[in-house]
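# Summary of the model geometry
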Amino acid sequence: MIDFNVLAEAMGDLDEDVMTEMLRQVMEEGGQKAQEAMEACQKGMDIVGSRFEDGEYFVGDLIYAGELMTTAVDILKDALVTGDDSGVAKVKMILCTVKDDLHDIGKNIVRSMLEAAGFEVLDLGIDVPAEKIVETAKNENIHIIGLSGVLTLAIDSMKHTVDAFREAGMRDQVKIVIGGAPVNAEVCEQTGADAWASSPQMTIDYCKSWAAGN
Ligand code: B12
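Anyway, here's the lowdown on the structure attached to this text. (Residues numbered from 1 in each chain as written. Predicted model: local features only at pLDDT ≥ 70, side-chain atom pairs only at ≥ 80, totals over all residues. Heavy atoms only, no water.)

## Some words on the coordination of the cobalt atom of the ligand
Under the convention used in this document: Distances define the donors: N, O and S atoms within 2.8 Å of the metal qualify, as do those within 3.2 Å of Na, K or Ca. Water is excluded, so some sites may look unfinished. Each helix is a run of DSSP H or I of at least 4 residues and each strand a run of E of at least 2, with the numbering of both proceeding from the N terminus.
Within the protein, just one atom coordinates the cobalt atom of the ligand: H103 (NE2), at a distance of 2.3 Å. Relative to the assigned elements, H103 resides in the loop between β1 (92-97) and α5 (105-116).

Spelled out as structure tokens, the structure:
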């Protein structure tokens, strides 16, 4: 029986040994609890964030936490994606972290999951200005855009990106999904995005429905 509170604490304590051992156990037991394990790791990241705010952890600890999260996803990946990839293969989409934000762990997780679900993901990286996203969508004829950001500042950049599509006369040709820690329904409305998602699976569901023309 896996105690997910212990897993969250192990991530918060940056205890790689306990964390990887518990994640391997999840996979050895068939992987059905992979999503719960992922959520526990994210709770652990919140613990890391609070300790950073309290001055107990430093930027080096944040970087190490990021590496641990990437390890966690590598272990759980095969069990995290559900559903088939029919109808999605070769549908191209853009994914990036918006301007002024350098966080990419969540984005990379979402990219891995979208690729595993069959999408061709054009990852524009981090700190990406609105103009570059619009230009790429235009040049590559892409209609699905995923914007990631974890800083509060990122919300302005997301809004700016949605506005840039409108100003380019392309707003009704693209579907935009936003995600990242500060994103919720209110932020979605505020930015004018089409949807928001808090997990890779939610993101996949939106993108699949748009790829199918809905
Ligand atoms: C790791 C980390 C870093 C690492 C990032 C490494 C990297 N390669 O990404 C480093 C050390 C570089 C870093 C730097 C900084 N950080 Co930092 N960081 C974090 C930390 C601990 C974890 C973030 C993370 O990766 N979470 C795990 C991922 C998996 O979660 P996620 O991004 O939310 O992604 C999930 C969902 O949101 C969703 N999702 C994500 N993207 C997308 C996209 C789409 C389209 C969709 C649909 C869904 C989706 O799916 C993902 C998987 O489930 C957070 C604390 C926290 N609790 O979030 C602070 C945090 C975000 N950082 C913070 C700060 C202040 C900073 C710095 C300013 C610190 C400094 N003084 O230098 C700099 C900022 C640099 C910049 N301009 O961006 C603050 C932000 C405060 C704020 N409200 O703006 C936080 C909240 C810490 C804190 N509590 O103070 N950080």
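## Here's the deal with the pattern of salt bridges
Our working definition: Salt bridges, as used here, are contacts in which a Lys or Arg side-chain nitrogen is within 4 Å of a carboxyl oxygen on Asp or Glu. Each residue is placed in one exposure class: buried if its accessible area under a 1.4 Å probe, protein chains only, is under 20% of its type's maximum, exposed if it is over 50%, and partly exposed if it falls in between.
In this structure the tally under the stated criterion is 8 salt bridges. The partner of K107 in a salt bridge is D123, and the shortest N-O contact between them spans 2.8 Å. A residue pair is termed long-range when its members are at least 10 positions apart, and K107 in helix α5 and D123 in strand β2 (residues 120-123) qualify at 16 residues. We classify D123 as partly exposed; its relative accessible area is 24%. Across the pair D123 and R111 runs a salt bridge, and its minimum N-O distance is 2.6 Å. Note that D123 is positioned in strand β2 and R111 in helix α5, a separation of 12 residues in sequence. R111 sits in the partly exposed class, given a relative accessible area of 25%. A network of salt bridges, in which partner residues are shared, links K107, R111 and D123.

## What about the sheet that holds strand β3 (residues 144-148)?
Sheet strands line up and pair through hydrogen bonds in the backbone, either parallel or antiparallel. Note the threshold: The rule for pairing is simple: two strands pair if DSSP sees at least two bridges between them. Working convention: axes come from line fits to C-alpha atoms, limited for helices to the stretch in contact. Angles between N-to-C directions cover 0 to 180 degrees.
Sheet architecture is open: 5 strands sit in the order β2-β1-β3-β4-β5, paired in parallel fashion. Single-partner strands in this sheet number two, and they are β2 and β5 (195-197). If you compare each strand with its neighbour and ignore which way they point, the axes differ by 25° on average. In this structure, β1 lies alongside β3, joined through 4 bridges in parallel fashion. Paired with T97 across the two strands is S148, which belongs to β3.

## A word on the site of the ligand
Convention followed: The criterion for a residue being near a molecule or strand is simple. One of its heavy atoms has to lie within 4 Å of it. Here a polar contact means two N or O atoms within 3.5 Å. Within protein one must be a hydrogen donor candidate and the other an acceptor candidate, and residues neighboring in sequence count only if both atoms are side-chain atoms.
Neighbouring residues of the ligand: 37 residues in total, closest E53, L102, H103, D104 and T152. Between an oxygen atom of the ligand and a main-chain N or O atom of L102, the distance comes to 2.7 Å. Interatomic distance of 2.7 Å between a side-chain N/O atom of T152 and a nitrogen atom of the ligand. Contributions of two or more residues to the shell around the ligand are made by α3 (34-53), α4 (59-80), α5, β3, β4 (175-179) and α9 (200-211). The element best represented in the shell around the ligand is α3, accounting for 7 residues.

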